[in-house]
Amino acid sequence: MADTRVTLGGVELKNPVIPASGTFGYGYEFARLYDINCLGALSFKGTTWEPRFGNPTPRIAECTAGLINSVGLQNPGVEKVIAEELPKLQACFGGPIIANISGFSIEQYADTAALLDKEEGVAILEINVSCPNVSHGGMSFGTQPDMAARVTAAVKEVTKKPVYIKLTPNVADIVAIAKACEEAGADGISMINTLLGMRVDLRTRRPVVANKMGGFSGPAILPVALRMVWQVYEAVRIPIIGMGGVSRAEDVIEMMLCGAAAVQVGAANLVDPFACQKIVADLPTVMEKYGIENLKDIIGGAHHG
Amino acid sequence: MKQGIFTVCSNRPLTREVYEMTLRGDTSAITAPGQFVNIKVEGFFLRRPISVCDCGPDSLTLVYKVVGNGTEALSKRVPGDGLDLLTGLGNGYDLSSAGERPLLLGGGVGVPPLYRLCKDLIAQGRELTVILGFNTVGEIFYEHEFKALGAKVIVTTADGSYGQKGFVTDAMEGLNYTYFYCCGPEPMLKAVYKASATSGQFSFEERMGCGFGACMGCSCKTVTGYKRICKEGPVLRKEEILWQTQG
């Protein structure tokens, strides 16, 4: 019998499959399609202190094996998320909830985290220092080790919940940033956020998305994500939630062999709303095919021997 | 919303760029005219959102324009091919405010969703006028289909090569209508918004990620808050529209 259970900072997940923030709303849209309690955990839409509309449209550009998005952290603000969205999510999902948090100052990260820390239903805080779609914030906190460390320390001060720092791949040395977060007290690393990219419309000769650039995700970025998870796994002791282009059960296992303790699924949800359900259902069969009895045993397995 | 495999029954050009595709499959998730389906086209990552032109219990008609590689690939599908569709997407037209003499205004590839709406309004015993606007005679489609439903049909062409010369708004002047429904390119929607004497509903278009409300890719600002074109839209009421797309 295949054992798909994994743990993240003391939180047990029935399987490692987690819909990634920003691709699954607050869960309830998907709960109308299938029982989302099959998921290992769920990371909800990135939350900020203030409500945000986000960027002008068009916000989406298609690419080969992926898409660019430039949503820009549209969300109703942390107070409304707690008052309105979280109860709706909890009504359809009983598993561990990961609260994804963004900010435009260290104080905003800490204040937003402090409010979500009080929510019993939230199991893990995922701190996004990597959004490529907002200026003066987001990614700028995740491109320098000292800034990432300061955000980590500020959030750790206001919560007892496990704190995962979500990193951007748009840096020269992601290992240095992951290590800085670990030293500042991070309980884990989520990686990778989207790769900064762009498309140009040949008819208008202008960038397709209004914000010119956006975050590229989808199956095309899986090899980049695997490489970075591999590098960070060799440098830190804290668990890694791996993501980037995962769309099949085989990808989950590959990501775990590189060092991920759990895996997030993003872009795949947007083209197949049943993607996560299918991956969860396929896992035991794929594990059997490759002779895996216990998923926990394969974390980082590609580094040995 | 439902996901299902549909079988292509026919796929034929109506004009040089506009195709009509009929399909067979489970349409039970489609609840109102003006909704859309999202089609997986092999070889392309994102699905293609296409408005529903007409549907029966197990039949679906889509009329779409070839504008890029995805819709071009769609135009190559042949009878017997299977297509993966998400159906029942978006908030369609609300027929309850139509009054006795509703006016339908369609521009170019904005015409198709009005067909089912026209059929339903006529079935309710309402007296329909439909204005179909095109650039030129070669781009006209569905004039006779709307007439066959029993609607009074006015065709306008921008270059005057057929019907009344001008835009749909030129043909609106002097008409006595109780309410309107409009679908077309944004400049046309804006013109109808200004020229209309009554309340009405507009169908909008935007580049979408998922098409079912998950990604926030197609949001817009309205008088009543932020809306997703794919979820709370694509149909919005005249009173809630804010004509600004900048964030």
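The notes below deal with the structure included here. Starting from 1, residues in each chain are numbered consecutively following that chain's sequence as written. In the order they appear in the text, chains get letters beginning with A and ligands get numbers beginning with 1. Confidence filtering applies because this is a predicted model: local features only for residues at pLDDT of at least 70, side-chain atom pairs given and counted only at 80 or more, and all residues used for totals across whole chains, interfaces and linings. Hydrogens are left out, water is left out, and the side-chain values use all remaining heavy atoms of the structure.

**Here's the deal with the packing of helix α2 (residues 78-92) of chain A against helix α3 (residues 106-117) of chain A**
Residue and element names in this part refer to chain A. Filter applied, for reference: Each axis is a line fitted through C-alpha atoms, taken for helices only over the stretch in contact, and angles between the N-to-C directions span 0 to 180 degrees. The way it works is that DSSP assigns letters per residue, a run of H or I at least four long becomes a helix, a run of E at least two long becomes a strand, and they are numbered from the N terminus. Here is the rule for angles: anything less than 35 degrees is roughly parallel, anything more than 145 is roughly antiparallel, 65 through 115 is roughly perpendicular, and the remaining ranges are oblique. For any pair of crossing helices, the crossing counts as left-handed if the nearer helix is rotated counterclockwise from the farther one by less than a right angle, and right-handed if it is rotated clockwise. The contact criterion used is simple: two residues touch if any of their non-hydrogen atoms lie within 4.5 Å. Under the scheme applied, nonpolar residues are Ala, Val, Leu, Ile, Met, Phe, Trp, Tyr, Cys and Pro; charged residues are Asp, Glu, Lys and Arg; polar residues are all the others, including Gly.
Two elements in contact, α2 and α3, have axes whose closest approach is 10 Å; the angle formed by their N-to-C orientations is 20°. Accordingly, the angle class assigned to the pair α2 and α3 is roughly parallel. Crossing handedness for the pair α2 and α3: right-handed. Residues Val-78, Glu-79 and Ile-82 of α2 pack against Thr-112, Leu-115 and Leu-116 of α3. Residues of the contact of α2 with α3, tallied by class, amount to 4 nonpolar, 1 polar and 1 charged.

**So, the sheet that holds strand β12 (residues 200-203) of chain B**
Residues and elements named next belong to chain B. Condition: A pair of strands is treated as paired once DSSP finds two or more bridges between them.
Read from one edge of the open sheet, 7 strands run β10-β9-β8-β7-β11-β12-β15, paired in mixed fashion. Sheet topology places β10 (164-165) and β15 (235-237) at the edges, where each strand pairs with a single neighbour. With 3 bridges joining them, β12 and β15 adopt antiparallel strand pairing. Of the residues in β15, the one forming a bridge with Ser-203 is Val-235. Packed on one face of the sheet, helix α2 (residues 112-123) meets β7 (102-107), β8 (129-134) and β11 (179-183) and runs near 165° to β7. In the packing of helix α5 (residues 186-195) onto the sheet, the strands contacted are β7, β11 and β12, and the crossing angle to β11 comes to about 165°.

**Considerations on the environment of Tyr28(A)**
Residues and elements named next belong to chain A. Going by this rule: Remark: exposure states derive from per-residue accessible area (1.4 Å probe, protein chains only) relative to the maximum for the residue type, with buried under 20%, exposed over 50%, and partly exposed in between.
Following the sequence through the fold, Tyr-28 ends up in helix α1 (residues 28-31). A relative accessible area of 18% places Tyr-28 in the buried class. For the pair formed by Tyr-28 and Val-175, sequence separation is 147 residues and the distance between their alpha carbons is 36 Å. For Tyr-28, the residues in contact, after removing those within four places along its chain, are Glu-85, Lys-88, Leu-89 and Cys-92.

Read these as geometric descriptors, not functional statements.
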